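Structure at a glance
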Amino acid sequence: MAGRFAPSPTSDLHVGNLRTAVVAWLMARHAGMEHLIRVEDLDATRVRAAPQVAARQLDDLAALGITSDGPIVWQSERLDRYAAAVEALPTYPCFCTRREIAEAASAPHEDGYRPYPGTCRDLSVAERAARQAERPPALRVDAGSATVTVQDQWAGAVTGVVDDFVVRRNDGAFAYNLAVVVDDLAQGITQVVRGDDLLTSSPRQAWLARALGGTEPHYAHVGLVVNDQGRRLAKRDGSVTLADLAAQGWTPARVLGTLGASLGLCAADEDVDLAGLLERFDPARRPSAWVATPWLDR
Ligand code: GLU
């Protein structure tokens, strides 16, 4: 039984990521569980500075008191596990370009995700061979249009039709959805706390967990930190990384106080640490979206 925080080292963590990490830690501790950190660096080859970014992310988390109770897991070191999982799944090669999918698929979902219409599922051997000569295929799971409902701590029941999503991209890289599920199962993760931009991915991931012979974790999706236009916070919105804030005199305790206040746990001007927040934490209270007013440029 464990919870986790799993950042991708694509850029420094901003206060929105940190707030989610705080909630992940509080949820795990409140349930008396370990809290693990996993670096989701499958795209590390595309982000040149990924190891340095990851190191800064881990430092920033540690500055707030968020550490891993076990060894930190790096996805880039676990490719053999993902390969074995892909072997164990019903999959088929897909030759569709992004454009072909956009033209063939139904309208994108609210979150921008385009369910795959199954174009390549029933290609004949000859058709596959012909298309293979044009481009390397991605691998998709054959999910049989399953409908899966998961329970989220705050959103309640979330139902999704599982499309034939990609598990290995056509550049050979394993897909996020695959790696996250393989690792959560392998690490004994029973509680997944993360940003609610991933809420709609949960039925897909739960299907995969079951297809791999496991059980999905308990999900808890945290409202995102947004700018004053209601859009997901980005670095250009203001002083939003711990380094930006430190340069302006913010201590980790003040940052935690402000994040804690956004969760209804303390006053905004209070200096706190995680233990202090844990004493006041109530998992029944939903961490809703929050406008990062104190930190936005204006
Ligand atoms: N690595 C993902 C991200 O940084 C989070 C994955 C997850 O928590 O399931 O967006």
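Look a little higher up for the structure.
The sections below set out a description of the structure shown in this document. (Residues numbered from 1 in each chain as written. Predicted model: local features only at pLDDT ≥ 70, side-chain atom pairs only at ≥ 80, totals over all residues. Heavy atoms only, no water.)

1. Focus on the side chain of D184
Note that D184 resides in helix α6 (residues 176–186). Among the residues examined, D184 registers a relative accessible area of 6% and is labelled buried. Among the polar contacts made by the side chain of D184, one reaches the side chain of R4 at a distance of 3.0 Å. At 2.8 Å, the side chain of D184 and the side chain of R38 are in polar contact. (Helix = DSSP H or I, 4+ residues; strand = E, 2+ residues; numbered from the N terminus. Buried < 20%, exposed > 50% of the residue type's maximum accessible area, 1.4 Å probe, protein only. Polar contact = N/O pair within 3.5 Å; in protein donor to acceptor, adjacent residues only side chain to side chain.)

2. Some points on the nonpolar core
Among the nonpolar cores identified, the biggest contains 42 residues, and V22, L61, I66, L259, L277 and W295 are the most heavily contacted of them. Residue assignment for this core shows that the elements contributing at least two residues are α1 (15–30), β2 (34–39), α2 (50–63), β10 (218–222), α8 (242–247), α9 (252–262) and α10 (274–280). Broken down by element, the residue count for this core peaks at nine residues, all from α1. In contact with I66, other than residues within four places in its own chain, are A21, V22, W25, H35, I37, L61 and L274. (Core = buried A, V, L, I, M, F, W, Y, C linked by side-chain atoms within 4.5 Å. Contact = heavy atoms within 4.5 Å.)

3. Let's talk about the packing of α1 against α9
It is the contact of α1 with α9, at a shortest axis distance of 10 Å, that shows an interaxial angle of 70°. Accordingly, the angle class assigned to the pair α1 and α9 is roughly perpendicular. From α1, V15, L18, R19 and V22 reach across to α9, where they touch L256, L259 and S262. The class makeup of the residues in the contact of α1 with α9 is five nonpolar, one polar and one charged. (Axes fitted to C-alpha atoms, helices over the stretch in contact; angles between N-to-C directions. Parallel < 35°, antiparallel > 145°, perpendicular 65-115°, else oblique. Nonpolar A, V, L, I, M, F, W, Y, C, P; charged D, E, K, R; others polar.)

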